[in-house]
Structure formats: structure tokens, C-alpha cells
Amino acid sequence: MSLTRRTLGLAGLSGLGLAACTPRQGTGGQTIFSAVDVHPVDFPTVTAVKWMGEELGRLTNGRLGIRQFPSGQLGNEDDSIGMARFQAVDMCRVAVAALNNAFPETRLLALPYVFRSVPHVRAVVDGEIGTELLNVFEGRGLVGLAYYDAAPRCFYNVRHPVTEPGQMRGLKMRAPQSDIFLDSIRAMGANPTPLTFGAVFSSLQTHLIDGAENNWPAYQSSRQFEVARFWSQTEHSFSPDALLMSKASFDALTPADRELVRDVARRSVQIMRVEWDKREADARAAVIAVGVQVAEVDKAAFAATVRPVLDKYLAEPRLRALHERIAAVA
């Protein structure tokens, strides 16, 4: 995300009706946090934050709670980050790719072929490295609460099966608005087109783009499979999602409530993962049942094409050191 005048303008959105999204004090000192997500109401990340609200309510006898705004009701992920940063909302769930430009340390989580598997990325974000990478947000108005699953990410397109990088040549592929994803898709031979998640379906329909990349649940819930029916199991990225909170909202809490919010957010990760694993399997089965073609790929060949991208970003000593530590995690 670029923290520009546009983002700064989000701080004034309360005049357009967002005042109701900031924490509201009710009778008896009740505080209801607002939480935004671009995914639909039954998506695992939304389900996990719903559980958080219920658990906070249970543990505080209703004194704390969460009101959710899913399905992109309040804008795209860049909007969500800006609104949380300037306390127009209290919490947001966003893809790490949306954070890469503003928070360089998160680039390690988005770089291609850094992680070996879902268990590997979970071990990293659950451990010391994950804690360090949650702490990078506080200097710019946010608090990192948790990392949620969002992987593996793979390519899909409207044109033809893709099993090796040469077949990407000439395809216009949607990329998240992240330099890493733009560089990676370009290195694989395709033409990257940065678009918000919500613009992908119509862009596939109108052939503004030929394809995109994402995970099974997002591919299925967005109905992009209806127009892009060639899936390639590249597993090029295990980039997670981040659950963030406005630092101003967090700092307004008592120390005990801050720790409670952190603890409930950490525990929500397991809720999310149970939902995620089921949703991923169900989404894959559902789209295959209606005719999506799934192609296995030469992953080594894809990894080789993006090695220059890794070298470019790992030239920064801190990122290289983090990369070495990630590789060493069992």
C-alpha cells in the first residue's frame, strides 16, 4: 500500500457515514470494535473474526465485542489499511501483499518459493519470526494481531492449460498491488496487471486480463472459476494474511484488555485454520465438479524463473538474514 494523500483522506470518511464503524461506548462501558474484510461472510477469515467477537463478549460479559463489515462493504484492502491506520475502523484483515510496499519486512512472507509447504509457513508465523513480523506495524499506526492462512497461491486463466513457464508468455495476469507480485509474474513470462481483488471477475469476463493467481477458497468464493477454467498448481506463494488493529484503538484500551485482545486473536488462528482446511478442500472439489481443469506443473522450472526476483530483494541484509532463518525452520 502507498500511504498517500488518498489514504490520508480516509481519516475524514467519518463524515460519509463511517463514524458508526469506530469503537462505540455503550451503556456500562461497552466497546464494540469494527472489523472489515473483502471476503464474504462465510469465508474462514471472517468466521475467525466473528469467533473473536463472541469470545471477547463471553470473557468480558459483553463489555467488548466486534461488529463486522465483510464482502468489501467499506472498500478494497488498501482502503482497509488506511481506515485502520487512521481509526476510521478498528480492525482489518488484508493479504500480506497489500502491506509489502509500506512495511518492507513483510516482503519475506510474499516472495515466491520461500516456503516449502503449508506446515512450513505455519511453523514460521507461529514462532519467533512470526512474532517479529507482527511487531513491524506499530511505527505506522497499526498493531499486528495474527497471521491467517491464505495459501498456497496458484495461477488460473481463461486461455489454455499452463504446465511450464513458457506457456505463461503473452498472458495478461492480474497481480496484487505489490511490487513483488508484479516482478514475479513478469519473471515468469506473463504481463502483470495490478488490480484490486474485487475487479478481477469483471476483468476476466471482459478480457482486460487473461488470468490471475490466488488460493482455492478465493477462486471459488469470488466465482472467478466461472470464466477462468484452467488452474495450474504452481504453489508459487504461501503468502499469509494479516489481522491488524488500529494502534489508536488498541492504545485506548486498558493494559488488561490489550492483552486479552492479543490472546483472543492468537487463539482465533486455530479457528481459522480448521475452517480454512475444510473450505480449501470443499472449494477445490466444487470447481473441479463443474469442469475446471487442474494441471500439475514443473515447479522447479517456475522457481528458476523467479530466482532473480529473490536475489533482488534478498540483497537487503535484513531480508537475507530473515530468509536464512525461515529456510532453517523445520
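These remarks concern the structure in this document. Small disclaimer: the values here were computed from a predicted structure and weren't measured.

1. Side note on the pairing of strand β11 (residues 241-246)
Two faces make up the sheet, and in a regular strand the side chains alternate between them.
Next up, step 1: Burial runs high along β11: six of the six residues are buried.
Next up, step 2: Side-chain alternation along β11 places D241, L243 and M245 on one buried face and A242, L244 and S246 on a second face that is also buried.
Next up, step 3: Here strand β4 (residues 91-95) pairs with β11 via five bridges, running antiparallel. In the sheet register, A95 faces β11, and the bridge partner there is D241.
Next up, step 4: As judged from the six bridges shared by strand β5 (residues 142-148) and β11, these two strands associate in the antiparallel manner. Bridge assignment links A146 to a residue of β11, and that residue is L243.

2. Things to note about unusual backbone geometry
The bulk of non-glycine residues show a negative phi, and the bulk of peptide bonds are trans.
Next up, step 1: Between A151 and the following residue, P152, the backbone shows a cis peptide bond with an omega angle of 0°.
Next up, step 2: Mapped onto the elements, P152 comes out in the loop between β5 and β6 (153-157).
Next up, step 3: Residues other than glycine seldom take positive phi values, yet S71 does so here, at roughly 60°.
Next up, step 4: Given a relative accessible area of 45%, S71 falls into the partly exposed group.

3. Focus on the layout of surface pockets
Next up, step 1: Put simply, the largest pocket is a space of about 410 Å³.
Next up, step 2: Where the lining of the largest pocket is concerned, the elements lending two or more residues are α3 (77-85), β4 and α9 (216-221).
Next up, step 3: Tallied by class, the residues present in the lining of the largest pocket amount to 12 nonpolar, 11 polar and seven charged.
Next up, step 4: The calculated volume of the second largest pocket comes to roughly 260 Å³.
Next up, step 5: For the second largest pocket, the lining is made up of 14 residues, of which V125, T131, L134, L145 and R266 are closest to its centre.
Next up, step 6: Taken together, the elements giving at least two residues each to the lining of the second largest pocket come down to α5 (118-126), α6 (128-134), β5 and α11 (255-289).
Next up, step 7: A class-by-class count of the residues in the lining of the second largest pocket yields six nonpolar, four polar and four charged.

4. Here's the deal with the packing of helix α2 (residues 44-59) against α11
Next up, step 1: Close contact between α2 and α11 brings their axes to 8 Å; oriented N to C, the two are set at 140°. As for how α2 packs across α11, the hand of that crossing is right-handed. Taken together, the residues of α11 that come into contact with α2 (itself represented by P44, T45, T47, A48, W51, M52, E55, L56 and L59) are L260, V261, V264, A265, R267, S268, I271, M272, E275, W276 and R279.
Next up, step 2: Of the residues assigned to the contact of α2 with α11, the class counts are 13 nonpolar, three polar and four charged.

Rules behind the numbers
- Residues numbered from 1 in each chain as written.
- Predicted model: local features only at pLDDT ≥ 70, side-chain atom pairs only at ≥ 80, totals over all residues.
- Heavy atoms only, no water.
- Buried < 20%, exposed > 50% of the residue type's maximum accessible area, 1.4 Å probe, protein only.
- Helix = DSSP H or I, 4+ residues; strand = E, 2+ residues; numbered from the N terminus.
- Pairing = 2+ DSSP bridges.
- 1 Å grid on protein atoms, 1.4 Å probe; cavity = no way out; pocket = protein on both sides within 12 Å on 5 of 7 lines; lining within 4 Å.
- Points joined across faces, edges and corners; volume = space filled by probe spheres on them.
- Nonpolar A, V, L, I, M, F, W, Y, C, P; charged D, E, K, R; others polar.
- Axes fitted to C-alpha atoms, helices over the stretch in contact; angles between N-to-C directions.
- Left-handed = near helix turned anticlockwise from the far one by under 90°.
- Contact = heavy atoms within 4.5 Å.

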